[in-house]
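Architecture at a glance
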Amino acid sequence: MSALSPARRRAGSSSSGIRRGEAAAGWLFTAPVLIILGVFLLVPVLMALWVSFSDWTGRGSPFSSNVGFVGLDNYAAVTTGGGLAERDFGTALRNNAWYVLLVVPLQTALSLFLAVLVNRAILRGRGFFRTAFYFPSVTSSVAITVLWLFLFSSSGAINEVLSWLGVNGPNWFSDPSGVVHNLLGAVGVTSGPAFLTGNTLLGVSWWDWLAGPSVAMSAFILMAVFTTSGTFMLLFIAGLQNIGGDVQEAAMMDGANGWQRFWRVTLPQLKPVLFTVLTLGLIGTWQVFDQIYTGTQGGPGKTTLTPAYLSYSAAFLSQQWGQGAAIAFVLFVIIVALTILQRFVLRDRPVSRRRLRQYEVPAAASGSGADRPRAKKGAQR
Amino acid sequence: MTRHTPIRRARGWLAAGALLTTGALALTACGSGFNDSPGEGQASGSGKLSILIGSSGDAETKAVTDAVAAWSEKSGVPAEVQTANDLPQQLSQGFAAGSPPDLFYLAPEALAGYAANGSIAAYGDDLANKSDFYPSLVDNFTVDGKFFCAPKDFSTLALIINTDLWSAAGLTDADIPTTWDQLASVAQKLTTDGRVGLAFGAEYQRVGAFMAQAGGGLVTDGKATADSSANVEALTYVKTHLNDGSFAFASDVGAGWGGEALGTQKAAMVIEGNWITGAMKADYPDVKYKVAELPAGPGGKGTLQFTNCWGLAADSGNQEQARDLVQYLTSTDQQLAFSKAFGPMPSIQSAADAWSSANPDQTAFLAGAEYAQFPPNMAGAADVITDFNAQLESLKTGDPQALLKTAQSNLEAITK
């Protein structure tokens, strides 16, 4: 506290001058937002947190006297209960983990690729392409889901196109088989080794964790990539346009080819955008709900069940409100943890010795100026 | 940069504190609202009944609205019918907020959960026409010995046969299967390139009929009996014929459900309930079909019944009027009118003869009422059935014994 006191005094002294009352006015102007956030965000979140520790059954107020505190029972039921609730939660996490694992890298790579394409000043009709790529993001997720169900039905357009190539397409949305299992099956491996099938995590055997996304989930993965890459493309375009041409020119003068310029110059400068895109992607993919609710409701074979949908169905359909809230908070922790991890991985690091060597002038005169092209001017916020 | 940090931090804490205080204030301010004992606001009885239904379509909505309006006129009690987009969710919301509708459609699998938390009133025993309901329907809505709510109507599963394909295969009325062996042999005869003999959904709600015919069932007298030898026999029979190609799951022939498989002639026979008649009339008017009772298995005849009841909220301030309305809606005349409007069978025995003479070609559905089983209705059963259904989808390659064992352990967890 003592460290703060000089700052306090300085802040306080301003109230005697011409800026007197500014703080009060500030509070006055921010009060509506604070109150709205408090009432509609903070309080409901705290209520949900309480519900996750209570045995509330969905009737009347969660704060009434006949609702009891049950500690971590709800969390235990979905993580160590050994019953159906645990297996459902494990299955949902498995499905969503594969979804995240595939959607996030794919959509990031695709949106960056599209952004680089339409960012070229030389491209004719760039406005058209930008609009076309962005279009799927504007359409409502429900409408896209309906479209997808239609395209991927057993006699739909996708299977029709596949049949031209001589491929007998799967019955997408009713095929619960895992993609990785199918690939293994193609080379003759149909059941896993005992140490994978015998041991379980969250009620799901390791062999099933490794099943990969089901064919039905793969269709959702394609849909997510299709719909979100347009939005992230916009972010990347904004980032690309912030990069000054001089650095590119300098790199060109140093003899870097297009490929090197992209990986060594452009991409490092896009790091803040990349961080935003990955964070938004991680959050969005862990919360996938609309598509599941309107499309498959978790079927076939529970392979499109996600924690967000499970939380909804546990609370609203099965009257297990505590478990539903507990699932929501576990999901929250997962998202926060992954975001922190991602921030750690993408943090600004000093250039390693090994990397630095590439930029050093071979002769002894490798002064401090030699690594300047590598300086992360653009990457610093 | 560093010089400003303490100020920022202090402001951050201040802001967080303010937010918390506001939150706490809001919490206490709203406290009275949150702490209302359920239904206090309604206990006086506003006199106006609200009714929430999960309608199958315009025909049903209109029929119910008209019937309720007629009752309102007679009794002088105003009433309003609303259709739900998502009935379970809207009901849950109503109960949580303490302002549920007075009367609503209630599915048997949701009954136990609402009964356990005291959301619904057990009024079945107070009905004058209580003894007129089919006994199995009364059982369907009885939890812990209390008959909770009046079944509004019901449906059973039967064998729906495409008559053109039937005669094209050289089959006659005498060939309508009455045993599993006969079913297998006619299915084999009807199977051609691009068409299966018999199709049904990959779910307990269809496959369960075979379990009933084998003498099994998921729950018997309140005990989990999923892994009984009868059930294994039933699933093995289904699996055998799924693999020889004469039976198929509807999704495997590219149909959303049995009715679509029959309508698009991808299957010559399907196992479906009464609702198929409306769909055939609307979507496939050219396909001719016949309804037969499901064949008997080693354990005798068996089918499944599906029903909903008129739930009455415990918080309703108009219980007496609501009960009176239910009595009116489940009366013989009214149920026959509903049946004519949108197809289900009356839940009361006194309407059976009139229904049969009005629907002579569908009597097989009604015959099923004698021996129909119903899906387990204890709390948590819906999750168990969803899980069972997920496993049934892979019955073709799966092990019947193993998947029944999983269902057994899931059921034991909720029947204790």
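Residues numbered from 1 in each chain as written. Chains lettered and ligands numbered in written order. Predicted model: local features only at pLDDT ≥ 70, side-chain atom pairs only at ≥ 80, totals over all residues. Heavy atoms only, no water.

1. Points about the overall build of chain A
A count of helices and strands for chain A gives 18 helices and 2 strands. Residues classed as buried in chain A amount to 39% of the 381 residues present. Of all intrachain contacts in chain A linking residues separated by at least 6 positions in sequence, the fraction that spans at least 24 positions is 67%. A total accessible area of about 21,000 Å² is found for chain A, and carbon and sulfur atoms account for 66% of it. (Helix = DSSP H or I, 4+ residues; strand = E, 2+ residues; numbered from the N terminus. Buried < 20%, exposed > 50% of the residue type's maximum accessible area, 1.4 Å probe, protein only. Contact = heavy atoms within 4.5 Å. Areas by Shrake-Rupley, 256 points an atom, 1.4 Å probe, with all protein chains shown as cover.)

2. As for the state of the cysteines
Residues and elements named next belong to chain B. A complete count under the given rule lists 1 disulfide over all chains for this structure. There is a disulfide in this structure between Cys 149 and Cys 309, and the S-S distance comes to 2.0 Å. Disulfide Cys 149-Cys 309: the torsion about the S-S bond is -80°, which places it as left-handed. In this pair, Cys 149 sits in the loop between strand E5 (146-147) and strand E6 (150-162) while Cys 309 sits in strand E13 (residues 303-312), placing the two residues 160 residues apart along the sequence. Owing to a relative accessible area of 1%, Cys 149 belongs among the buried residues under this scheme. Among the residues examined, Cys 309 registers a relative accessible area of 0% and is labelled buried. (Disulfide = S-S within 2.5 Å.)

3. What about the packing of helix H16 (residues 381-392) of chain B against helix H17 (residues 400-415) of chain B?
Residues and elements named next belong to chain B. At their nearest, the axes of H16 and H17 sit 10 Å apart, and the two run at 175° to each other. By the angle between their axes, H16 is roughly antiparallel relative to H17. Residues Ala 381, Val 384, Asp 387, Phe 388, Gln 391 and Leu 392 of H16 form the contact with H17, whose own contacting residues are Leu 403, Leu 404, Thr 406, Ala 407, Asn 410, Leu 411 and Ile 414. Class assignment of the residues belonging to the contact of H16 with H17 gives a composition of 9 nonpolar, 3 polar and 1 charged. (Axes fitted to C-alpha atoms, helices over the stretch in contact; angles between N-to-C directions. Parallel < 35°, antiparallel > 145°, perpendicular 65-115°, else oblique. Nonpolar A, V, L, I, M, F, W, Y, C, P; charged D, E, K, R; others polar.)

4. Re a positive patch on the surface
Residue and element names in this part refer to chain A. A cluster of like positive charges, contributed by Arg 264, Arg 354, Arg 355 and Arg 357, occupies part of the molecular surface. Position of Arg 357 among the secondary structure elements: in helix H18 (residues 353-359). Relative accessible area serves as the criterion here: at 52%, Arg 357 is assigned to the exposed category. (Patch = residues over 30% accessible without salt bridge, like charges linked within 9 Å, V, L, I, M, F, W, Y side chains within 5 Å. Salt bridge = Lys/Arg side-chain N within 4 Å of Asp/Glu carboxyl O. Lys, Arg positive; Asp, Glu negative; His and termini not counted. Charge placed at Lys NZ, Arg CZ, Asp CG, Glu CD.)

5. Side note on the nonpolar core
The biggest cluster of nonpolar side chains holds 68 residues, and the ones touching the most others in it are Phe 89, Tyr 99, Phe 173, Phe 236 and Trp 286 of chain A. Residue assignment for this core shows that the elements contributing at least two residues are helix H3 (73-79), helix H4 (84-119), helix H6 (141-151), helix H11 (215-242), helix H13 (258-269), helix H14 (271-286), helix H16 (307-317) and helix H17 (321-345) of chain A. It is H11 of chain A that provides the largest number of residues to this core, a total of 14 residues. In contact with Phe 173 of chain A, not counting residues within four places along its chain, are Trp 148, Leu 149, Phe 152, Ala 216, Ala 219, Phe 220, Thr 296 and Pro 300 of chain A. With 50 residues, the next largest nonpolar core counts Ile 161, Ala 184, Tyr 204 and Leu 395 of chain B among its residues. (Core = buried A, V, L, I, M, F, W, Y, C linked by side-chain atoms within 4.5 Å.)

6. Quick look at the packing of aromatic side chains
Aromatic rings in a pair are described by how distant their centres are and how their planes are angled relative to each other. Within the structure shown, the criterion is met by 37 aromatic pairs over all chains. Centre to centre, the rings of Trp 50 of chain A and Phe 69 of chain A are 6.2 Å apart; their planes meet at 15°, and the pair counts as stacked. Here Phe 69 of chain A lies in the loop between helix H2 (22-52) and H3 and Trp 50 of chain A lies in helix H2, a separation of 19 residues in the sequence. Measuring from ring centre to ring centre gives 5.6 Å for Phe 289 of chain A and Tyr 293 of chain A, while their planes differ by 15°; the resulting arrangement is stacked. In this structure an aromatic cluster arises from ring pairing among Trp 56, Phe 289, Tyr 293, Tyr 309, Tyr 312, Phe 316 and Trp 321 of chain A. Note that Arg 347 of chain A overlies the ring of Phe 344 of chain A, its terminal NZ or CZ placed 4.2 Å from the centroid. One cation-aromatic arrangement involves Lys 152 of chain B over Tyr 105 of chain B; the distance from NZ or CZ to the ring centre is 4.0 Å. (Phe/Tyr/Trp six-rings, centres within 6.5 Å; stacked < 30°, edge-to-face > 60°. Lys NZ or Arg CZ within 6 Å of the ring centre and 35° of its normal.)

7. Some details on empty space enclosed by the protein
Residues and elements named next belong to chain B. Applying the stated rule across the entire model yields 1 cavity of 30 Å³ or more. In this structure, the largest cavity is lined by Val 64, Tyr 105, Lys 152, Asp 153, Trp 310, Phe 338 and Phe 342. Breaking the lining of the largest cavity down by element, the ones donating at least two residues are E6 and helix H13 (332-342). Among the residues forming the lining of the largest cavity, the class breakdown is 5 nonpolar, no polar and 2 charged. (1 Å grid on protein atoms, 1.4 Å probe; cavity = no way out; pocket = protein on both sides within 12 Å on 5 of 7 lines; lining within 4 Å. Points joined across faces, edges and corners; volume = space filled by probe spheres on them.)

8. Side note on helix H9 (residues 229-243) of chain B
All names here are of chain B. If you check H9, its first and last C-alpha atoms are 21 Å apart, about what 15 residues at 1.5 Å a residue would give, namely 21 Å. On its buried side, H9 packs onto helix H7 (180-190), strand E7 (196-200), helix H8 (204-213), strand E10 (247-249), H16 and H17. Just downstream of H9, Gly 245 is the residue with a positive phi angle, here 90°. (Expected span 1.5 Å × (residues − 1).)

9. A few points about the domain arrangement of chain B
Residue and element names in this part refer to chain B. Structurally, chain B comprises domain 1 (49-152 + 307-373) and domain 2 (156-305 + 380-413). The straight-line distance from the C-alpha centre of domain 1 to that of domain 2 is 28 Å. With 18 residues of domain 1 in contact, the opposing surface of domain 2 contributes 22 residues. In total, domain 1 and domain 2 occlude about 1,500 Å² of area from one another, counting both sides; carbon and sulfur atoms represent 56% of this. (Domains from an automatic or database assignment. Buried area = accessible area lost by both parts, 1.4 Å probe.)

10. Things to note about the environment of Gln 391 of chain B
Looking at the element boundaries, Gln 391 of chain B is found in helix H16. The residues contacting Gln 391 of chain B, other than those within four sequence positions of it, are Arg 87 of chain A together with Leu 403 and Thr 406 of chain B.

11. Quick notes on the UniProt feature "transmembrane region" (unreviewed entry) in chain A
When the UniProt feature table is mapped onto this chain numbering, "transmembrane region" (unreviewed entry) sits at residues 27-53, 97-119, 131-151, 215-238, 270-289 and 325-346 of chain A. Helix makes up 96% of residues 27-53 of chain A and strand makes up 0%, while its end C-alpha atoms are separated by 34 Å. (UniProt positions renumbered as here; feature names shortened; annotations may be inferred.)

12. A short note on the packing of H6 of chain A against H11 of chain A
Residue and element names in this part refer to chain A. In contact at an axis separation of 11 Å, H6 and H11 are set at 135° when each is read in the N-to-C sense. By the criterion of interaxial angle, the relationship of H6 to H11 is oblique. The handedness of the crossing between H6 and H11 is right-handed. Contacts from Ile 144, Thr 145 and Trp 148 of H6 reach H11 at Ala 219, Phe 220, Leu 222, Met 223, Phe 226 and Thr 227. Class assignment of the residues belonging to the contact of H6 with H11 gives a composition of 7 nonpolar, 2 polar and no charged. (Left-handed = near helix turned anticlockwise from the far one by under 90°.)

13. Thoughts on unusual backbone geometry
The general pattern is negative phi for most residues beyond glycine and trans for most peptide bonds. The residue Leu 202 of chain A is not glycine, and still its phi comes out positive at about 50°. The exposure class assigned to Leu 202 of chain A is buried, which follows from its relative accessible area of 15%. One non-glycine residue, Gln 265 of chain B, lies in positive phi territory at about 60°. With respect to the helices and strands, the residue Gln 265 of chain B is situated in the loop between helix H10 (258-263) and strand E11 (267-273).

14. Regarding the pattern of salt bridges
Where charged atoms from two side chains of opposite charge approach closely, those side chains can pair. If you walk through the whole model with that rule in mind, you get 14 salt bridges over all chains. Across the pair Lys 48 of chain B and Glu 80 of chain B runs a salt bridge whose closest N-O atoms are separated by 3.9 Å. Taken as a pair, Lys 48 of chain B in the loop between helix H1 (5-34) and strand E1 (49-53) and Glu 80 of chain B in strand E2 (residues 79-83) lie far apart in primary sequence, 32 residues in all. Judged by relative accessible area, Lys 48 of chain B falls into the partly exposed class, the value being 43%. Where Arg 323 of chain B meets Asp 126 of chain B, a salt bridge forms, and the shortest distance between an N and an O atom there is 3.9 Å. You can see Arg 323 of chain B sitting in helix H12 (residues 319-329) and its partner Asp 126 of chain B sitting in the loop between helix H4 (108-116) and helix H5 (135-140), a full 197 residues away along the chain. For Arg 323 of chain B, a relative accessible area of 21% translates into the label partly exposed. Salt bridges here are not isolated pairs; linked through shared partners, they connect Arg 87, Asp 88 and Lys 302 of chain A together with Asp 387 of chain B.

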